[in-house]
Amino acid sequence: MASSVTPTPLLKDELDIVIPTIRNLDFLEMWRPFFQPYHLIIVQDGDPSKVIKVPEGFDYELYNRNDINRILGPKASCISFKDSACRCFGYMVSKKKYIFTIDDDCFVAKDPSGNDINALEQHIKNLLSPSTPFFFNTLYDPYREGADFVRGYPFSLREGVSTAVSHGLWLNIPDYDAPTQLVKPRERNTRFVDAVMTIPKGTLFPMCGMNLAFDRELIGPAMYFGLMGDGQPIGRYDDMWAGWCIKVICDHLGLGVKTGLPYIWHSKASNPFVNLKKEYKGIYWQEELIPFFQAATLPKECTTVQSCYKELSKQVKAKLGKIDDYFNKLADAMLTWIEAWDELNPSTSSQKLSNGK
Ligand SMILES: O=c1ccn([C@@H]2O[C@H](COP(=O)(O)OP(=O)(O)O[C@H]3O[C@@H](CO)[C@H](O)[C@H]3O)[C@@H](O)[C@H]2O)c(=O)[nH]1
Ligand SMILES: [Mn+2]
């Protein structure tokens with residue numbers, strides 16, 4: 001007789017779903033079959049007096065700005081306000097090994113066969129299988145059912161390395177910057193590419209926070225989404241900044257970053273004129289930021305994420321502070337973030353690890 005016992009969802013008690021929001025979370029209804037078994041961490045941005053409605057049946061904790069200020073005190077200054085960057089507070093308060101973060105305008109997408117895509121399940125597969133940053137496999141993910149390493153792939157490298165980040169994509173509204181969206185307002189992404197790839201060592205990438213999962217124990221302290229939104233000269237570079245920092249650190253520590261499946265359905269385009277105002281400084285600053293991250297090297301003494309991140313903060317201040325004083329403030333905020341992280345996560349703080357415990 002077929003077992004009637006439903007299998008326990010993978011990583012049910014080891015993964016938190018982090019959602020930044022300014023609205024009611026009706027979108028969860030569509031995700032219920034996939035998300036209901038998991039704990040949600042909702043980071044409410046904007047007016048803390050607004051009540052965010054969460055559909056019945058979900059296990060969640062919700063933090064608004066008052067909570068962030070109460071928990072972090074003066075260190076709350078490193079958490080952005082009025083920008084989706086606030087989501088990183090959820091990474092800090094989580095106690096789980098894995099994080100999946102998703103925007104509240106991202107819905108369940110369908111694959112070419114018309115089946116609903118369980119994005120969370122695919123991210124978990126990506127995180128639980130190794131990455132291959134040192135040598136590119138031309139048949140894409142070699143650990144996937146029905147694929148393997150191709151001829152000429154060194155056997156010494158086939159064990160791969162631990163995967164720290166799984167970067168998913170989006171059907172319908174693509175994650176375009178404002179200038180691109182302005183010239184192509186009706187462009188929609190209809191192309192479902194059935195592939196997962198490791199981003200090679202030494203290569204940066206534009207990390208989007210819309211559909212992202214990561215191993216919090218491997219790379220969590222570096223997943224700071226920076227100073228964005230209210231009172232800041234820039235927005236919509238939160239995930240990009242984090243992506244450049246984590247990739248430099250993953251390359252240094254020999255960890256993997258994957259991109260590709262899963263897809264979500266991005267339902268709504270944000271206003272390109274509002275976005276242009278948020279992005280424009282970033283569009284020219286990044287022509288200096290990218291060479292900085294491409295050239296960034298970390299000393300071999302940096303063996304923990306925290307020590308790597310503190311070293312990166314020092315280099316940001318030394319080399320980017322002259323572009324704009326914003327980067328001096330950002331470098332300081334990076335240190336505040338790590339101090340706050342270690343305060344809330346004493347078991348993994350760099351001090352303890354550096355004493356060899
Ligand atoms: O002030 C705000 C605005 C929004 N949010 C929440 O953040 C996400 C994303 O918001 P939205 O879908 O409106 O914006 P997008 O332009 O599509 O976001 C993408 O661009 C990047 C901007 O940094 C980001 O990585 C992508 O998500 C929603 O859940 C909003 O509710 C907020 O918290 N505060
Ligand atoms: Mn969106």
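Keep in mind the model is a prediction, meaning the values are calculated, not measured.

1. A look at the UniProt feature "site: Required for activity" (unreviewed entry) in the chain
In the numbering adopted here, UniProt assigns the feature "site: Required for activity" (unreviewed entry) to Arg151 and Arg158. Structurally, Arg151 can be placed in the loop between helix 4 (119-128) and strand 6 (163-172). Residue position: Arg158 is located in the loop between helix 4 and strand 6. Beyond its immediate chain neighbours, meaning those up to four positions away, Arg158 contacts Tyr143, Phe149, Val150 and Tyr153. Reaching out from Arg158, the side chain makes a polar contact with the backbone oxygen of Tyr153 at a distance of 2.9 Å.

2. Structural notes on the coordination of the manganese ion (ligand 2)
Summarising the metal site, the manganese ion (ligand 2) is bound by the protein donors Asp105 (OD) and His266 (NE2), whose distances to it range over 2.0 to 2.2 Å. With a gap of 161 residues between them, Asp105 in the loop between strand 4 (98-102) and strand 5 (106-108) and His266 in strand 9 (residues 256-266) connect regions that are remote in the sequence. Accessibility expressed as a relative area gives 7% for Asp105, which makes it buried. A relative accessible area of 8% places His266 in the buried class.

3. Examining the nonpolar core
Grouped together as the largest cluster of nonpolar side chains are 69 residues, with contacts concentrated most on Val165, Ile219, Tyr224, Trp241, Tyr309 and Trp337. Those residues within four positions of Val165 in sequence are excluded, and the remaining contacts are Leu127, Met207, Leu212, Ala213, Phe214, Ile219, Met223, Ile246, Gly256, Val257 and Lys258.

4. So, the UniProt feature "glycosylation site" (unreviewed entry) in the chain
Under the feature "glycosylation site" (unreviewed entry), the UniProt entry names Arg151. You can call Arg151 exposed: its relative accessible area is 83%.

5. Describing empty space enclosed by the protein
With a probe scaled to a water molecule rolled over the atoms, the places where space remains empty come into view. Scanning the model with the defined rule gives 3 cavities of 30 Å³ or more in all. The space that makes up the largest cavity amounts to roughly 90 Å³. If you trace the largest cavity, you find 14 residues lining it, with Thr132, Tyr140, Pro142, Met197 and Thr198 closest to the centre. Per element, the largest residue contribution to the lining of the largest cavity is 3 residues, and it comes from strand 7 (residues 196-198).

6. Quick word on unusual backbone geometry
Going from Leu261 to Pro262, the amide bond is cis rather than trans, its omega being 10 degrees. Position of Pro262 relative to the elements: it lies in strand 9. The phi dihedral of Tyr140 falls on the positive side, at around 65 degrees, and the residue is not glycine. On the secondary structure map, Tyr140 appears in the loop between helix 4 and strand 6.

7. Focus: the layout of surface pockets
What the largest pocket holds in volume is close to 1,200 Å³. Forming the walls of the largest pocket are 49 residues, and the residues nearest its centre are Ser84, Asp103, Asp175, Arg236 and Ser270. In terms of residue count, helix 8 (residues 272-295) provides more of the lining of the largest pocket than any other element does, 7 residues in total. Those elements giving two or more residues to the lining of the second largest pocket turn out to be strand 6 and strand 9. Per element, the largest residue contribution to the lining of the second largest pocket is 4 residues, and it comes from strand 9. Taken together, the residues of the lining of the second largest pocket sort by class into 9 nonpolar, 4 polar and 3 charged.

8. Points about the pattern of salt bridges
By the definition in use, this model includes 19 salt bridges. We note a salt bridge from Lys12 to Asp13, for which the minimum N-O separation is 3.2 Å. Among the residues examined, Lys12 registers a relative accessible area of 29% and is labelled partly exposed.

9. Notes on the packing of aromatic side chains
Applying the stated criterion across every chain yields a total of 21 aromatic pairs. Summarising the aromatic geometry, the rings of Tyr91 and Phe214 are spaced 4.9 Å apart at their centres and angled 80 degrees between planes, so their arrangement reads as edge-to-face. Here the residue Tyr91 occupies a position in helix 3 (residues 88-93), and Phe214 occupies one in strand 8 (residues 211-215), the gap between them amounting to 123 residues. You can call Tyr91 buried: its relative accessible area is 0%. Look at Tyr143 and Phe149: their rings are 5.5 Å apart centre to centre, the planes differ by 90 degrees, and that puts the pair in the edge-to-face class. Given a relative accessible area of 27%, Tyr143 falls into the partly exposed group. Among the aromatic residues, those joined into a cluster by ring pairs are Trp241, Trp244, Tyr284, Trp285, Phe292, Phe293, Tyr326 and Phe327.

10. Details of the confidence of the model for the chain
Summing up the model confidence of the chain, the mean pLDDT is 96 and the portion of residues at 70 or higher is 97%. Across residues 351-357, confidence stays below pLDDT 50; counting only partners more than four residues off in sequence or on other chains, it has 7 contacts. Model confidence for the complex: the whole-complex pTM is 0.96, and ipTM, which rates the interface, is 0.97.

Conventions adopted
- Residues numbered from 1 in each chain as written.
- Chains lettered and ligands numbered in written order.
- Predicted model: local features only at pLDDT ≥ 70, side-chain atom pairs only at ≥ 80, totals over all residues.
- Heavy atoms only, no water.
- UniProt positions renumbered as here; feature names shortened; annotations may be inferred.
- Helix = DSSP H or I, 4+ residues; strand = E, 2+ residues; numbered from the N terminus.
- Contact = heavy atoms within 4.5 Å.
- Polar contact = N/O pair within 3.5 Å; in protein donor to acceptor, adjacent residues only side chain to side chain.
- Donors = N, O, S within 2.8 Å, 3.2 Å for Na, K, Ca; no water.
- Buried < 20%, exposed > 50% of the residue type's maximum accessible area, 1.4 Å probe, protein only.
- Core = buried A, V, L, I, M, F, W, Y, C linked by side-chain atoms within 4.5 Å.
- 1 Å grid on protein atoms, 1.4 Å probe; cavity = no way out; pocket = protein on both sides within 12 Å on 5 of 7 lines; lining within 4 Å.
- Points joined across faces, edges and corners; volume = space filled by probe spheres on them.
- Nonpolar A, V, L, I, M, F, W, Y, C, P; charged D, E, K, R; others polar.
- Salt bridge = Lys/Arg side-chain N within 4 Å of Asp/Glu carboxyl O.
- Phe/Tyr/Trp six-rings, centres within 6.5 Å; stacked < 30°, edge-to-face > 60°.
- pLDDT = per-residue confidence, 0-100.

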